[in-house]
Structures are given as structure tokens and as C-alpha cells.
Number of protein chains: 2
Amino acid sequence: MSGWIAIAGLGPGDEALVTPQVDAALAEATDVVGYGPYVARVRPREGLVLHPSDNRVELDRAALALDLAARGRRVVVASSGDPGVFAMAAAVFEALEAGPEHWRALDIQVLPGITAMLAASARAGAPLGHDFCAINLSDNLKPWPVIEKRLRLAAEADFAMAFYNPRSKARPDGFAHTLAVLREVCGDERPILFARAVTTPDETLRIVSLGEARPEMADMRTMVIVGSSRTRIIERPAGPILYTPRSVPGEGS
Amino acid sequence: MSGWIAIAGLGPGDEALVTPQVDAALAEATDVVGYGPYVARVRPREGLVLHPSDNRVELDRAALALDLAARGRRVVVASSGDPGVFAMAAAVFEALEAGPEHWRALDIQVLPGITAMLAASARAGAPLGHDFCAINLSDNLKPWPVIEKRLRLAAEADFAMAFYNPRSKARPDGFAHTLAVLREVCGDERPILFARAVTTPDETLRIVSLGEARPEMADMRTMVIVGSSRTRIIERPAGPILYTPRSVPGEGS
């Protein structure tokens, strides 16, 4: 048996951000498993079987990949961004842990990619240049009180905050609550970045204050980053730069 | 004037993790500015001037890069990992903000890379598969009380935590304090990953409990990741997998 699984990050969209390591895995694969729009990014070729699936069937998709590898297939599980950040790697390991013992003998690799928050940060400047946190705002997988508690503690810690999955049609209210909590704990002046479809032809970047932020500025293709108390804007002819300095003043600086 | 600056992430070490976008910038550059060991990763060629510099002179290095670009040179600022995560992007923007007005007309791009925590996470499994934070443990740039406050709040928020620059010869005590605080707030059983020199020939991975963790398990080439209360270990013949499930149980799950 020479099957394997590579859980691979395709990055945020621009093919120039796909690592050579991921390209090499795709070149050797017999099967690609993943959410339809991500599998659609893989160039078809003879001998490569594509298995696109719907959203929200991560565990089924993971089990399919593990089963294919156990049968000797060479399987790429395609994630956007980085597979370890709110993506398929954890789902594959959940399925592995719950699955048959022989799956634990499989060759499983995680191939990192450029995750959305770092692509968005790069396009806007360096808002994550000091301590920060990453929070998935989808409440499919955790209750809202947990999200709100984390928002309040992260603000108290003065982290910059990167928010994945801020808003969907199925849950339009959560992001409005999030903005209300953030305004309460960070104040109206704090800058917030809405970075939509970064590195794709549809990319838009918008930096406003929390007081100006509106829920409809985000959708599921938007990465939202809120600055820390130290985050600054540099005005330029070509557009503003949003960045967080490296230091916090104090006895140690 | 056709000068530009590309603040580029070379990733954690493996050349198969350098994006084609960064390779393209290096191919067009006239100058590479950066910390010596990172500049040493760039292949020399005719017409390319390398400007290696010492550690801890980030602002001088940033000003050199901006000045070269203002003179029409095409400058890559070489960072390891991702330039926006505890690296050169914020330093360049600090220098830009403090510098002459004409620098604000420069063409400046940040080219993302695979940051150390995501490379380490990928090698170990998916410990950052749920909400997490990233903290720079160096107290060169912020006072220890700020670090300790953030540790306590991050633990209360139940984030997985990724620690950059955990320990150096110049400040051997800070990481011992960090481990003591973490044991107090997370308990002795919580898993901690020491991932040294990930993706290089020197790579070592070690997963222990906080109770077993010792300061000397980390140095400046080590990425440290502490799990959340939900982080799990899957035992396998080929070595353990460390991962954090995607969900938190509760009314919303």
C-alpha cells in the first residue's frame, strides 16, 4: 500500500501564492477531495479524479479521503488558505480519531498555505505586526456566548483581531452583535479592515472606523481585521497603509 | 523613478515553501536587504546587490530599503516566515511614517509567506485548528507585565497560543516565567509543542505536557504552541498528531 493524504492549502486565490510543495503534491495525486470551488482551482489532467463536494460536509469529505488513501490512492484534500486555520486539517483528524484503527497507519501530511488573514494583512500593510488573535465568527460550531467572551477578553488583552467567516445569509445577525461588542470595548475610533476576495480579480479593501462599520460591509468572502489600540494609518497618495507597530511602550522598551 | 520595495516572506526554511510571487520579485530585484541569515538564502546573481545586516537593527535596515527605492532601485526586504508577523513589514512602516514625505509616494508591496506557527502546526497536525492567538515572547519590545496579562487573558479565552521568540541567551528567565504562568492557568496536563527549525534538516518536534515542559526545550529557533482545553493527541505508529477540533460544544453546536 502506497496511498497517502496531503491536506493542502491553496492560498487565498492568486495562483502565484500556491507553494511549489502543494503543486508537487497535486502533480503526484490520483484524487483531489474538497469543497467544490476549491477543487475547481485544480487543473484537470488524465488519471486525476476530482471529488468536489458541498459546503458543511467536512467530516464526510474527510472520511472519503481517508478511505481512498487506505485503498492505496494518493489523495490531496484541497483547502483554501492554510488547511490548519479553520479549514480541513482539523476535520480530517476528527475523522481519523473516530475512524477504524488501520487509518492511523496512513501517511498523512499537512501542507501549509497562505491563510486569508495574512494575505489581507499584506494587502493592507501590517495590521497583525504585533500580538494578535484569530477567531472564527461562524456560530455553526460554537455558541454565541463563547464568541462574545472571546471578543471581550481579546480586546482586554489588546490583541489585533482577525475574523474568519464574519457573516452569511444563514446568520445575518451575529456580525452586527460582534460590531456592537467591539464598539463597546474598543471605542468608535478603532480602525477596522474589510478585505474581500483578497488577491483575486474581485479584491476590495476598505478601512473605516468601528463607528462607521456596518454589518453589510462583510460577507463570507470577507476577512475582517480590527486593530489593537496601537494600530495606525499612514495616509498616502496610493491609498492608506494600516499597520501595528512592533513595540508597546513601557519599562521594557 | 521606477523603484519599488517588496517586503517578502521566505517562509520557514524549506525552499518548496517559497511562493512563486516571492521568487518573481527576487528575479526582478536590484537589491536585497535583510538580516544576514535570511539574505544568505537568496541565490546571488550578477546585478543583484545583497545588503545583509545584523539582528536588532530593523529600523536602520528599513530606512536603507526605503532610501534605495527612492533612488530608483528595486528592493526586496527579506523576512523569514511571513513579513507581517513579528517581522520586517511593521518595521518598514514605522520607518516610512517617521521618514521624509516623498517616501510615501513609493511603490511598496508586502508579499506574504508561510509563517512559523503555521509551518509548525502543519508538521504537528492542526493545533491551531480552532480560535488561537500569536504572542511574541521577546521582552525587547514590550514590558513583561504586558506579556503576562496577555497570557492570562488568552488562557481565559481558551485560545490555543503560538509563541514566537520564546527564549534567547540575553533573557533566559522570561520563558521560565511564561511556563509557570501557563501551568497556573491551564494546568499541568495541557499539551505543549516545541517545534524547532521546522521544515529544515535540523527539524525536531516534541509534544509534552505543561507539567513536563522545561525552559531549555526552547531556543530562538523554536516555535512553541500550547493547546486550548480542547486540544487532543492521536497516538499513531508514525508519531502523535496534535490537533484542536473545530467545534466547542454548547447550544449552538
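The shown structure was predicted, so the numbers you read here are calculated from the model rather than taken from an experiment.

**Student:** Run through helix α5 (residues 116-124) of chain A, naming residues and quoting values.
**Tutor:** Residue and element names in this part refer to chain A. With 7 of 9 residues buried, α5 lies mostly within the body of the structure. Where α5 is concerned, the buried positions are Met-117, Leu-118, Ala-119, Ala-120, Ser-121, Ala-122 and Ala-124. At the exit of α5 stands Gly-125, carrying a positive phi of roughly 140°.

**Student:** I'd love a proper account of the sheet that holds strand β6 (residues 125-126) of chain A, names of residues and values included.
**Tutor:** Each strand in a sheet pairs with its neighbour through backbone hydrogen bonds, running either in the same direction (parallel) or in the opposite one (antiparallel). Here we have 3 strands laid out as an open sheet, ordered β6-β13-β12 (chain A), and mixed in their pairing. At either margin of the open sheet sits one strand with a lone partner, and together these are β6 and β12 (232-234) of chain A. Pairing between β12(A) and strand β13 (residues 241-243) of chain A: 3 bridges, direction antiparallel. Its bridge partner lying in β13(A), A:Ile233 is registered against A:Leu242. Against the sheet, helix α4 (residues 88-98) of chain B touches β6, β12 and β13 of chain A, its axis set at about 120° to β13(A).

**Student:** How would you sum up the side chain of B:Thr231? Please name residues and give values.
**Tutor:** Residue and element names in this part refer to chain B. Within the fold, Thr-231 resides in the loop between β11 (222-226) and β12 (232-234). Classification of Thr-231 by relative accessible area gives buried; the value is 10%. There is a polar contact of 2.8 Å between the side chain of Thr-231 and the backbone nitrogen of Ser-228. The residues touching Thr-231, leaving out its near neighbours within four places in the chain, are Pro-127, Pro-191, Leu-242, Tyr-243 and Thr-244.

**Student:** Before we move on, can you summarise the nonpolar core with the specific residues and values?
**Tutor:** Side chains that are nonpolar tend, in soluble globular proteins, to be buried together. Among the nonpolar cores identified, the biggest contains 52 residues, and A:Phe163, A:Ile192, A:Phe194, B:Phe163, B:Ile192 and B:Phe194 are the most heavily contacted of them. Listed in part, the 42 residues of the second largest apolar core include A:Ala124, A:Ala134, B:Leu128 and B:Ala134.

**Student:** Tell me what's going on with the side chain of A:Thr199, and back it up with residues and numbers.
**Tutor:** Residue and element names in this part refer to chain A. With respect to the helices and strands, Thr-199 occurs in the loop between β9 (191-196) and β10 (204-209). At 3.1 Å, the side chain of Thr-199 forms a polar contact with the backbone nitrogen of Asp-14. Aside from chain neighbours lying at most four places away, what touches Thr-199 is Pro-12, Gly-13, Asp-14, Leu-17 and Ala-119.

**Student:** How would you sum up the packing of helix α6 (residues 144-156) of chain A against helix α7 (residues 174-186) of chain A? Please name residues and give values.
**Tutor:** Residues and elements named next belong to chain A. For the pair α6 and α7, the least separation of the axes is 10 Å and the interaxial angle reads 25°. By the criterion of interaxial angle, the relationship of α6 to α7 is roughly parallel. Here α6 runs over α7; the crossing is right-handed. For the pair α6 and α7, contact is made by Trp-144, Glu-148, Leu-151, Arg-152 and Ala-155 and by Gly-174, His-177, Thr-178, Val-181, Leu-182, Glu-184, Val-185 and Cys-186, respectively. Its residues assigned to classes, the contact of α6 with α7 shows 7 nonpolar, 3 polar and 3 charged.

**Student:** So, the packing of aromatic side chains: which residues are in play, and what are the values?
**Tutor:** Applying the stated criterion across every chain, the model contains 10 aromatic pairs over all chains. Taking 5.2 Å as the distance between ring centres and 80° as the angle between the ring planes, the aromatic pair formed by A:Tyr35 and A:Tyr38 counts as edge-to-face. On the basis of relative accessible area, A:Tyr38 is assigned to the partly exposed category, the value being 27%. Members of the aromatic cluster, joined through ring pairs, are A:Phe86, A:Tyr164 and B:Phe132.

**Student:** Talk me through the environment of B:Leu179; I want residue IDs and the actual numbers.
**Tutor:** Residue and element names in this part refer to chain B. Note that Leu-179 resides in helix α7 (residues 174-186). Given a relative accessible area of 1%, Leu-179 falls into the buried group. Measuring from C-alpha to C-alpha, the distance between Leu-179 and Ser-247 comes to 27 Å, with 68 residues separating the pair along the chain. If near-sequence neighbours (up to four positions away) are discounted, Leu-179 is found in contact with Ile-192, Leu-210, Ala-213, Arg-214 and Pro-215.

**Student:** Describe in detail the interface of chain A and chain B, supporting the description with residues and values.
**Tutor:** The interface of chain A with chain B comprises 78 residues on the first partner and 78 residues on the second. When chain A packs against chain B, close to 6,500 Å² is buried across both sides, 61% of that on carbon and sulfur atoms. The largest share of the area that chain A buries against chain B comes from A:Leu141, A:Arg150 and A:Arg246, three residues that together contribute 12% of it. The salt bridge involving B:Arg246 is made with A:Glu94; its shortest N-O contact spans 2.9 Å.

**Student:** Any details on the packing of helix α3 (residues 58-70) of chain A against helix α4 (residues 88-98) of chain A? Residues and values, ideally.
**Tutor:** Residues and elements named next belong to chain A. Two elements in contact, α3 and α4, have axes separated by 8 Å at closest approach and are oriented at 70°. On the basis of their axis angle, the class for α3 and α4 is roughly perpendicular. Every pair of crossing elements has a handedness; the one defined by α3 and α4 is right-handed. For the pair α3 and α4, contact is made by Glu-58, Leu-59, Arg-61, Ala-62, Ala-63 and Leu-66 and by Met-88, Ala-91, Val-92, Glu-94, Ala-95 and Leu-96, respectively. Of the residues contributing to the contact of α3 with α4, the split by class is 9 nonpolar, no polar and 3 charged.

**Student:** How would you explain the pattern of salt bridges if you had to name every residue and give the values?
**Tutor:** All names here are of chain B. Overall, the coordinates contain 26 salt bridges over all chains when judged by the stated rule. Between Arg-41 and Glu-15 there is a salt bridge, with its nearest N and O atoms 3.3 Å apart. Of this pair, Arg-41 sits in the loop between α2 (36-39) and β3 (49-53) while Glu-15 sits in the loop between β1 (4-9) and α1 (20-28), and the two are 26 residues apart along the sequence. Residue Arg-41 is classed as partly exposed on the basis of its relative accessible area, which comes to 23%. When its relative accessible area of 47% is taken as the criterion, Glu-15 is described as partly exposed.

**Student:** Which residues make up the relation of the copies chain A and chain B, and what values do they have?
**Tutor:** For the pair of chain copies, the relating transformation is a rotation about an axis with a translation along it. Mapping chain A onto chain B leaves a residual RMSD of 0.0 Å; the transformation is a rotation of 180° accompanied by 0.0 Å of translation along its axis. Classification of the inter-copy transformation places it as that of a two-fold axis. Relative to the rotation axis, the closest C-alpha in chain A is found at A:Cys133, a distance of 1.9 Å. Of the residues that chain A buries at the interface, 100% are likewise interface residues in chain B, meaning the two copies contact each other through the same surface.

Reading the values: the criteria
- Residues numbered from 1 in each chain as written.
- Chains lettered and ligands numbered in written order.
- Predicted model: local features only at pLDDT ≥ 70, side-chain atom pairs only at ≥ 80, totals over all residues.
- Heavy atoms only, no water.
- Buried < 20%, exposed > 50% of the residue type's maximum accessible area, 1.4 Å probe, protein only.
- Helix = DSSP H or I, 4+ residues; strand = E, 2+ residues; numbered from the N terminus.
- Pairing = 2+ DSSP bridges.
- Contact = heavy atoms within 4.5 Å.
- Axes fitted to C-alpha atoms, helices over the stretch in contact; angles between N-to-C directions.
- Polar contact = N/O pair within 3.5 Å; in protein donor to acceptor, adjacent residues only side chain to side chain.
- Core = buried A, V, L, I, M, F, W, Y, C linked by side-chain atoms within 4.5 Å.
- Parallel < 35°, antiparallel > 145°, perpendicular 65-115°, else oblique.
- Left-handed = near helix turned anticlockwise from the far one by under 90°.
- Nonpolar A, V, L, I, M, F, W, Y, C, P; charged D, E, K, R; others polar.
- Phe/Tyr/Trp six-rings, centres within 6.5 Å; stacked < 30°, edge-to-face > 60°.
- Buried area = accessible area lost by both parts, 1.4 Å probe.
- Salt bridge = Lys/Arg side-chain N within 4 Å of Asp/Glu carboxyl O.
- Least-squares fit on C-alpha atoms with pLDDT ≥ 70 in both.

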